Amino acid sequence: MLQGETAITIDDKGRLAIPTAYRDFVARECDNRLVLTYNPFDAGGLYLYPFKAWEALRDQVNALPRTLARNRILQLKLVGAATVLEPDASGRIGIPPSQRNTVGIDRRAVLVGMGDKFELWSEQAHQAQIRQTLTDEDMAGDDLEGLPL
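Residues numbered from 1 in each chain as written. Predicted model: local features only at pLDDT ≥ 70, side-chain atom pairs only at ≥ 80, totals over all residues. Heavy atoms only, no water.

*Asks:* Is there a simple way to explain helix H3 (residues 69-80) in this structure?
*Replies:* An α-helical turn contains 3.6 residues, so any two residues separated by three or four positions project in the same direction. Looking only at H3, the buried set comprises Asn71, Gln75 and Leu78. The buried residues of H3 occupy an angular sector of 90 degrees when projected down its axis, which confines them to one face. In H3, the exposed positions angled more than 90 degrees off the buried face are occupied by Leu76 and Gly80. (Buried < 20%, exposed > 50% of the residue type's maximum accessible area, 1.4 Å probe, protein only. Helix = DSSP H or I, 4+ residues; strand = E, 2+ residues; numbered from the N terminus. Arc of directions from axis to C-beta.)

*Asks:* Which parts of the structure should I look at to understand the packing of aromatic side chains?
*Replies:* The relation between two aromatic rings is expressed through the spacing of the ring centres and the mutual angle of the planes. Across all of its chains, the model carries three aromatic pairs by this definition. Centroid distance Tyr22 to Phe118: 4.8 Å. Interplanar angle 80 degrees. Geometry classified as edge-to-face. A residue pair is termed long-range when its members are at least 10 positions apart, and Tyr22 in helix H1 (residues 20-29) and Phe118 in strand E8 (residues 118-122) qualify at 96 residues. Ring centres of Tyr47 and Tyr49 lie 5.8 Å apart, and the angle between their planes is 90 degrees; this geometry places the pair in the edge-to-face category. Among the residues examined, Tyr47 registers a relative accessible area of 7% and is labelled buried. Chaining the aromatic ring pairs together yields one cluster made of Tyr47, Tyr49 and Trp54. Positioned over the ring face of Tyr47 is Lys117, at 4.7 Å from the centre of the ring. (Phe/Tyr/Trp six-rings, centres within 6.5 Å; stacked < 30°, edge-to-face > 60°. Lys NZ or Arg CZ within 6 Å of the ring centre and 35° of its normal.)

*Asks:* Which parts of the structure should I look at to understand the pairing of strand E4 (residues 45-50)?
*Replies:* Strand residues, when the strand is regular, have side chains that alternate between the two faces of the sheet. Most of E4 sits inside the fold, with six of its six residues counted as buried. On E4, burial covers both faces: Gly45, Tyr47 and Tyr49 on one face and Leu46, Leu48 and Pro50 on the other are all buried. Bridge analysis of strand E3 (residues 34-38) against E4 gives five bridges, and the strand direction is antiparallel. If you follow Tyr38 over to E4, its bridge partner there is Leu46. In this structure, the hairpin formed by E3 and E4 is closed by a connection of six residues, where Gly44 is found at a positive phi of approximately 95 degrees. Across four bridges, E4 lies against E8 in antiparallel orientation. (Pairing = 2+ DSSP bridges.)

Laid out in structure tokens, this is it:
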């Protein structure tokens, strides 16, 4: 289970160091491979999947009918932009410049454990997301009933 947020510094070569708390997980559970791709729902962030979880998701996304625009966009953002990353001996992974630039990640970023994957956010986009509050309308719905929040 991936959870928690960590402030990350991107070095001059576009690399980030995977937090030491997650390095064993990445080596053991991810075959020392992660897949980086765009967050299709929110600007300012990237998804970072464990390799095994990525393979199943990739196949499901690719199986969607390409006749629907939303499916093509999802396929483009998730599969088309996917990059397999292997940490170096120091636990660093390189974030491609095109992805860093597109989501506005410069020197400072935030890595967030979201259960089955990480999300990598520009510092500004992460702050904007965290500052949002849920309204009563947001909380209405059967899927939130009974949550002890």
